[in-house]
Amino acid sequence: MKNSDTDVIQVRYWDYRDNYQQHREKILDVVDKVFSSGRLILGSMVSEFEEEFSAFCGAQFGIGVNSGTDALFLALKALNIGAGAEVITVSNTAVPTVAAIRSAGATPVFVDVEDDTFLMDVTRLEQAVTSATRCILPVHLYGQAVDMAPLLQLAANRNIHVVEDCAQAAGALYQGKRVGSFGDIGTFSFYPTKILGAYGDAGMTVTNRPELKERLKRLRFYGMEGGYYSEEEGYNSRLDEVQAAILKLQLPELNEEVMGRAKLAAIYNEGLRGLGDVTLPVVRDGRTHQWYLYTIRTGRRDALMQHLTAAGIETRINYPTPIHLMRGYRFLGYGEGSLPVTERLAGEILSLPMYPQLPESHAERVIEAIREFFQGH
Ligand SMILES: *Cc1c(COP(=O)(O)O)cnc(C)c1O
């Protein structure tokens, strides 16, 4: 559903310009430093940010790449996962998760999700494993970690790799450790909307294994280690100096920004409690939520969304169609009804406005409008 140009949006879903206004001078300052430095590609900003971001994740190495999609693709390549290999993941995710698996030449195998956290239901993994399974690819969706302990146990028992898609959950804790540090490789996106956002495309892979670090560094740079000589077939997927410089500037703010998000989540939780047909997001014990998205569930989603739009409140559906039912991925052979929880959620979920600079008064307005909808009907 789209607002027509004549509708006035009063409560915006997200807008990076609030971040820009807040940090404008510092951003322009580092951009100027990079532009004046004489080095625009793979310089000190990238290597410093790689070090700082991997340390933040509790991983030993960081390898900056061009996007979160490339991070996933190169992670699979680095683990030699390609044609003939099955990668177990979820259909309830952003398209790039699946696009990256396909780019690597592998076959995605979907398991259903939990209906309260919207995350991979790890109790379904065992029955999805075949002799072709090479990797489990959990997606820490909306800002909360998948239940990693049983997943890692199964992967270790069966000798299967684990690549974590952390695009929406940078910094999220699971049993005291940050996402990205559990699997063979963790992948991140710094797409502008993400909780740590660049001013353009950017991504990162993190790992604790030195040989994977070396491989990832080669793969992102035509397979070269230096000179004009490819050690192996590679790609071009570099993180820009100027994006790295902006990200380096924003990283120390991340915790505070997430606290801002958590405060808004608490306001939503409090204000929306006790409405009959609304299920609020669930945070499991032993995990933190980064509140990339605040997503509620209701059987009257479309009508509620319309009501909020009319009230000048922007909302989104993340995601309206499960990937296995999209025309572009029908060929994978999953029909309607094959992932019932995922399919039901797509018709019931609604993401409310959520970004650190969203005024609390706006969150209150969203709450009021939602209460009005359920109490007035
Ligand atoms: C954003 C996102 C990606 C892809 O990141 P890009 O930087 O846009 O390529 C991958 N997976 C998930 C879950 C995402 O949300």
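- For the protein, an unreviewed UniProt entry supplies the name Aminotransferase, AHBA_syn family and the organism Geotalea daltonii.
- The heading Sequence similarities (unreviewed entry) in the UniProt record of the protein holds the text "Belongs to the DegT/DnrJ/EryC1 family."

1. Focus: the environment of Glu-241
So, point 1. If you trace the backbone, Glu-241 turns up in helix 8 (residues 241-250).
So, point 2. Remark: the alpha-carbon pair of Glu-241 and Phe-49, spanning 192 residues in sequence, is separated by 9.5 Å.
So, point 3. Apart from the residues within four sequence positions on either side, Glu-241 is in contact with Val-34, Arg-39, Leu-40, Ile-41, Leu-42, Gly-43, Ser-44, Met-45 and Val-46.

2. Some remarks on the pattern of salt bridges
So, point 1. With the rule as written, the count across this model stands at 24 salt bridges.
So, point 2. Across the salt bridge formed by Arg-12 and Asp-18, the nearest N and O atoms sit 3.6 Å from each other.
So, point 3. Overall, the relative accessible area of 24% leaves Asp-18 in the partly exposed class.
So, point 4. Salt-bridge contacts for Glu-52 lead to Lys-248; the nearest nitrogen and oxygen are separated by 2.8 Å.

3. As for the packing of helix 9 (residues 254-272) against helix 12 (residues 360-376)
So, point 1. Closest axis-to-axis distance for the helix 9/helix 12 pair is 10 Å, and the angle between their directions is 25°. Relative to helix 12, the element helix 9 is oriented roughly parallel. The hand of the helix 9/helix 12 crossing is right-handed. Mapping the contact onto sequence places Lys-263, Leu-264, Ile-267, Tyr-268, Gly-271 and Leu-272 in helix 9 and Glu-360, Ala-363, Glu-364, Val-366, Ile-367, Ile-370 and Arg-371 in helix 12.
So, point 2. Looking at the contact of helix 9 with helix 12 residue by residue, the classes come out as eight nonpolar, one polar and four charged.

The rules behind the values
Every chain begins its residue count from 1, and numbering advances along the sequence as written. Residue-level local features of this predicted model are given only where pLDDT is at least 70; pairs of side-chain atoms are given and counted only at 80 or more, and the full residue set underlies all totals for whole chains, interfaces and linings. Only hydrogens and water are set aside when side-chain values are computed; all heavy atoms of the structure are taken into account. UniProt positions are given in the numbering used here, feature names are shortened, and annotations may be inferred rather than shown by experiment. In this text, helices come from DSSP runs of H or I with a minimum length of four residues, and strands from runs of E with a minimum of two, each type numbered from the N-terminal end. By definition, residues are in contact when any of their heavy atoms lie within 4.5 Å. The salt bridge criterion pairs a side-chain nitrogen of Lys or Arg with a carboxyl oxygen of Asp or Glu, the two atoms within 4 Å. Relative accessibility under 20% of the residue-type maximum defines a buried residue, over 50% an exposed one, and the middle range a partly exposed one, all with a 1.4 Å probe and only protein chains included. Under this scheme, a helix contributes an axis fitted over its contacting stretch, all axes are lines through C-alpha atoms, and angles between N-to-C directions fall in the 0 to 180 degree range. For classification, angles of less than 35 degrees are called roughly parallel, those exceeding 145 degrees roughly antiparallel, those between 65 and 115 degrees roughly perpendicular, and all remaining angles oblique. Rotating anticlockwise by less than a right angle from the far helix to the near helix defines a left-handed crossing, while the corresponding clockwise rotation defines a right-handed one. Gly counts as polar in this scheme, as do all residues outside two lists: the nonpolar Ala, Val, Leu, Ile, Met, Phe, Trp, Tyr, Cys and Pro, and the charged Asp, Glu, Lys and Arg.

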